[in-house]
Amino acid sequence: QVQLQESGGGSVQSGGSLTLSCAVSVHTYSTHCMGWFRQAPGKEPEGVASIDSDGSTKYADSVKGRFTISQDNNQDTLYLQMNMLKPEDTAMYYCAAAWAIRATIDPNLFGYWGQGTQVTVSS
């Protein structure tokens, strides 16, 4: 049973920073991709960043240069360092996992999802 648990969300002012974490219970395949997604009220889910088991990364244009995705050496904890936060980054952030694929931010390719953690950025 794959379980994902996010933590680290909160409220910050514009320009501030937050680091999200996601604990992964098990990787079913050696080749996998972990990603961060977000959904704001009334909007479609948006891919934010992903990293695969080879360390390749992919970012949405809206977060390039501000957000950094990483994973620990055991690849069982995923992180998202978010700097220079903007009000438009406000959303519920979800961690997700997919097996046997390379880095992608297409949410339709991810089969395992966490419960989400709220990020609120005030102006």
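The coordinates are above.
Residues numbered from 1 in each chain as written. Predicted model: local features only at pLDDT ≥ 70, side-chain atom pairs only at ≥ 80, totals over all residues. Heavy atoms only, no water.

(A) Structural detail: the pattern of salt bridges. Under the defined criterion, the tally for this structure stands at five salt bridges. With its nearest N and O atoms 2.7 Å apart, the salt bridge here joins Arg66 to Asp89. With a gap of 23 residues between them, Arg66 in the loop between strand S6 (57-59) and strand S7 (67-71) and Asp89 in the loop between strand S8 (77-82) and strand S9 (91-99) connect regions that are remote in the sequence. Since its relative accessible area comes to 8%, Arg66 is described here as buried. By sharing partners, the salt bridges in this structure join Arg38, Glu46, Arg66 and Asp89 into a single network. (Salt bridge = Lys/Arg side-chain N within 4 Å of Asp/Glu carboxyl O. Helix = DSSP H or I, 4+ residues; strand = E, 2+ residues; numbered from the N terminus. Buried < 20%, exposed > 50% of the residue type's maximum accessible area, 1.4 Å probe, protein only.)

(B) Highlighting the state of the cysteines. As enumerated under the stated definition, the model contains one disulfide in all. Two residues share a disulfide in this structure: Cys22 and Cys95, whose sulfurs sit 2.0 Å from each other. With the S-S bond torsion at -75 degrees, the cross-link from Cys22 to Cys95 turns out left-handed. A residue pair is termed long-range when its members are at least 10 positions apart, and Cys22 in strand S3 (residues 18-24) and Cys95 in strand S9 qualify at 73 residues. Judged on exposure class, the residue Cys22 and its partner Cys95 are both buried. With no disulfide of its own, Cys33 has Cys95 as its nearest cysteine by sulfur position, at a separation of 10 Å. (Disulfide = S-S within 2.5 Å.)

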